[in-house]
Amino acid sequence: ENTLFKDIVSHAKEYGFVFQSSEIYDGLQAVYDYGPFGAELKKNIKDLWWSTMTRFNDDIVGLDSAIFMHPDTWKASGHIDSFNDPMIDNKDSKKRYRADVLLEEKAALYEKEGSPEKSEALLKKMGELLTAEDLSGVRELIISEGIACPVSGTTNWTEVRQFNLMFSTQIGSLAEDSNKIYLRPETAQGIFVNFLNVQKSARMKVPFGIAQIGKAFRNEIVARQFIFRMREFEQMEMQFFVRPGEELQWYQKWRDMRMQWHVALGIPESKLRYHDHDKLAHYANAAVDVEFEFPFGFKEVEGVHSRTDFDLKSHQEVSRKKMQYFDPEVNKNYIPYVVETSVGCDRLFLMLLCNAYTEEVSGDADNQKTRIYLKFHPALAPVKAAILPLTKKDGLPEKGQEIYKKLKGSFNVIYEEAASIGKRYTRQDLIGTPYCIAVDHQTLEDNTITIRHRDTTEQERISIDDLEPFLQRECSF
Ligand code: ATP
C-alpha cells in the first residue's frame, strides 16, 4: 500500500504535477508547488466546482474575499480561543506530535490486530478527555498505552499543550501587538462578514448560497502525507443561508448532492463513504465527512456542516452590526441558519490522482509489461488531446499543425513530432491525456485521423471535421 503511495508521489513529481516547495533549499515542510500539468488539473477542478455551484444552482452566487481580515473576525468565529490541536514533544528526539493523532494511530493498531472493542474504548476515552480539556489526562493515557516516539523509541513525553493553528503577521510598519493579523485558516468567515453585502447587492432571497474558492493557512503540527495535509492550501466553500428550523432538511440535501458530485467525477462508489461526526464542533448541530479510500486508508475529503446561526450571531455581537435578514414571505426578521459544504481543492486533487493512477500488467510470466496511465475523466484531464504526425516528413507535420491550431482555441492540446509514435503514446498515458490523434498518409488522402483511447488503447478513424464535436462531447460532464 505504501509503495503504491510512494509511486504516486514520485510520478506526480516526475511528470510535472506536484513539486516540493523551495526544493533547491531542501524544501519547506507541508508546502507544495504545482507543475504544468498539476496547475491545469487544479484549474479544471476549481472551474468544475465553481460552475457546479454558481451555474447549476440559480440560488448560489460567488465571492472573492481577502485573505487578511480584521482580527476581531477570529475572535467572533472562535478561532483565537479554540482553533487548537493538542501537541506533545518527545524529550529525547525533540520531535513534536499531535497527541490525538498518536492515540488514533494506537486505536487503528488495535483495530488491525482484531480488537475493535479496545480501539473503540480508547477513542471514547480520548474524546472524553479532550472535551473536558483534561490535557494531563491525555498525557497519562499516552503513557499508560505505552505509546513510544517512532524516532527515539522512548516514552519520555512532555506535557500536552494546546497549539493554535493560525499563522500571524503584522500589518503596517510597526511590530506592535495591536497590528497583529492572521492569515485566514478558512475561507468561510469572508463569506459570513459579507453576508448582507452579497444579499443586498445581488438581491438574493433566503434560501440562497455564497460560494468562494481561496487560499487558507494552518500551521499543522502533523504535516505528512504529501498534499493531504498542507500548511498553505486552497478551499472551496459554500455557505447556504436558510430559515431557522429548515437547516436539517437542507443539510440532508447538500449531504446527498455532494456525494453525487464525487461519484460524477468518476470515483467508484465503493471508494467513498460518509463518516458522521461523533463529536460536534461548538458551532454545529449536524456534521458529516465525505471520505475517500486513499492508499493510506479512508480519509476526509469534504465536510458538510450544519453551522446553525453561530457565526452570524457572533459577528453581530462582536461587530455590533445587525446581521439580520428581513424575510418578506413570512414578514419576519431573523438571523439565518447556515449549511456549509467545505472541500479542499488540493485534497480533491490527491483523491483524483490516486484514483486515476493505474498500473496495468500484461504479457505472460516471463515477458511481463507494465503500462502506467492516469485515467482522469476527460473533462478533468490536464491535456485533452495530443496531435501526433506519424513521421516528420511528407507534409504530415504541416497537416498536424493545421489540426493543432484549429483545436487549441477551445481545448488544451499538445503537438508533438519527436520520437516514435509508441513513445509519444506512452508519454501521453503518463500525464493522463485521454486522446491521441495520429496524422498519417491516409489523412492526406481522405481527411481522416485515428483517435487512440487512453484507457483501452483502441483506435478508431474519424473525419477531421468531426474532431471538434467529438472532443466537445467527450470532455464534458
Ligand atoms: P482535518 O480533520 O483533516 O484536519 P478539518 O476537519 O479540520 O480537517 P475542515 O476545517 O472541515 O477540515 O476543512 C474543510 C476541508 O478543507 C477538509 O475536508 C479538507 O479537504 C480541507 N483541508 C483542511 N485542512 C487541510 C490541510 N491542512 N491541507 C489540505 N486540505 C485541508
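It should be emphasised that the depicted structure is a prediction, and the values quoted were computed from it without experimental measurement.

1. Points about the environment of Lys-6
With respect to the helices and strands, Lys-6 occurs in helix α1 (residues 2-14). Measuring from C-alpha to C-alpha, the distance between Lys-6 and Pro-295 comes to 9.6 Å, with 289 residues separating the pair along the chain.

2. A look at the sheet that holds strand β10 (residues 232-242)
Ordered in space as β3-β9-β10-β16-β13-β12-β11, the seven strands form an open sheet in which the pairing is mixed. Edge strands, defined here as strands with exactly one partner in the open sheet, are β3 (60-63) and β11 (272-276). Averaged over all pairs of adjacent strands, the angle between strand axes in this sheet comes to 25°, irrespective of strand direction. Strand direction decides the pairing type here: β11 and strand β12 (residues 286-294), joined by five bridges, are antiparallel. When the sheet's bridge partners are listed, Arg-273 is paired in β12 with Glu-291.

3. Considering the nonpolar core
Within the largest apolar cluster, 57 residues are counted, with the highest numbers of intra-cluster contacts made by Ile-227, Leu-348, Phe-349, Leu-353, Ala-386, Ile-387 and Ile-437. Of the residues forming this core, the biggest block, seven residues, is contributed by helix α12 (residues 345-356). Excluding its chain neighbours within four sequence positions, the residues that come into contact with Ile-437 are Ala-385, Ala-386, Ile-387, Leu-388, Ile-403, Ile-449 and Ile-451. Among the nonpolar cores identified, the runner-up in size contains 27 residues, and Ile-191, Val-206, Phe-208 and Met-238 belong to it.

4. Looking at helix α14 (residues 421-431)
For α14, the complete set of buried residues consists of Tyr-425, Gln-428, Asp-429 and Ile-431. Lining the buried residues of α14 we find α2 (36-54), β18 (369-374), β19 (385-389), β21 (435-439) and β22 (448-453).

5. Section: unusual backbone geometry
Of note, the bond from Val-206 into Pro-207 is cis; its omega dihedral lies within 30 degrees of zero at 5°. Within the secondary structure, Pro-207 sits in the loop between α9 (195-201) and β9 (208-217). Look at Asn-331: it is not a glycine, yet its phi comes out positive at around 55°. When you line up the elements, Asn-331 lands in the loop between β14 (325-327) and β15 (332-334). One non-glycine residue with positive phi stands out, namely Thr-457, at about 60°. Relative to the elements of secondary structure, Thr-457 occurs in the loop between β22 and β23 (459-463). The partly exposed category is assigned to Thr-457, around which 13 C-beta atoms lie within 10 Å.

6. A few points about the site of the ligand
Close to the ligand lie 16 residues; Phe-233, Gly-303, Ser-342, Gly-344 and Arg-347 are nearest. Examining the composition of the shell around the ligand, we find that four residues originate from one element, strand β13 (residues 297-308), more than from any other. The residue makeup of the shell around the ligand, split by class, is four nonpolar, four polar and eight charged.

7. Observations regarding the packing of helix α5 (residues 99-112) against helix α6 (residues 116-131)
One can describe the packing of α5 onto α6 by two numbers: an axis separation of 7 Å at closest approach and a directional angle of 165°. Taken together, α5 and α6 sit at an angle that is classed as roughly antiparallel. The handedness of the crossing between α5 and α6 is left-handed. Note on element contacts: α6 touches α5 through Pro-116, Lys-118, Ser-119, Leu-122, Leu-123, Met-126 and Leu-130, opposite Asp-100, Leu-103, Lys-106, Ala-107, Tyr-110 and Glu-111. Residues belonging to the contact of α5 with α6 are distributed by class as follows: eight nonpolar, one polar and four charged.

8. A word on the sheet that holds strand β6 (residues 161-164)
Overall, antiparallel pairing links the three strands, which are arranged β5-β4-β6 in an open sheet. Strand pairing shows two members of the sheet lacking a second neighbour, β5 (96-98) and β6, which therefore form its edges. Adjacent strand axes in the sheet meet at a mean angle of 50° when their direction is disregarded. Where strand β4 (residues 84-89) meets β5, three bridges bridge the pair, whose relative direction is antiparallel. Following the sheet pairing, Met-87 is matched in β5 by Arg-98. Strands β4 and β5 of the sheet are contacted by α5, whose axis makes an angle of about 65° with β5.

9. Focus: the confidence of the model for the chain
A low pLDDT means the predicted coordinates there should not be read in detail. For the chain, the average pLDDT comes to 95, and 99% of its residues sit at 70 or higher. Predicted complex, confidence summary: ipTM 0.97, pTM 0.93.

10. Some thoughts on the environment of Leu-280
Mapped onto the elements, Leu-280 comes out in the loop between β11 and β12. The sequence separation of Leu-280 and His-305 amounts to 25 residues, and the corresponding C-alpha distance is 9.4 Å.

11. Focus: helix α11 (residues 310-319)
Here α11 has its buried residues at Phe-310, Asp-311, Leu-312 and His-315. Positive phi shows up at Arg-320, right after α11, with a value of about 60°.

12. Here's the deal with the environment of Met-238
Structurally, the position occupied by Met-238 is in strand β10. Sequence spacing of Met-238 and Leu-63 is 175 residues, and the spatial spacing of their C-alpha atoms is 9.8 Å. With sequence-adjacent residues up to four places away left out, Met-238 is seen in contact with Met-53, Ile-60, Gly-209, Ala-211, Glu-340 and Thr-341.

The rules behind these values
- Residues numbered from 1 in each chain as written.
- Predicted model: local features only at pLDDT ≥ 70, side-chain atom pairs only at ≥ 80, totals over all residues.
- Helix = DSSP H or I, 4+ residues; strand = E, 2+ residues; numbered from the N terminus.
- Pairing = 2+ DSSP bridges.
- Axes fitted to C-alpha atoms, helices over the stretch in contact; angles between N-to-C directions.
- Core = buried A, V, L, I, M, F, W, Y, C linked by C-beta atoms within 7 Å.
- Buried ≥ 20, exposed ≤ 12 C-beta atoms within 10 Å, placed from the backbone.
- Contact = placed C-beta atoms within 7 Å.
- Near = placed C-beta within 6 Å.
- Nonpolar A, V, L, I, M, F, W, Y, C, P; charged D, E, K, R; others polar.
- Parallel < 35°, antiparallel > 145°, perpendicular 65-115°, else oblique.
- Left-handed = near helix turned anticlockwise from the far one by under 90°.
- pLDDT = per-residue confidence, 0-100.

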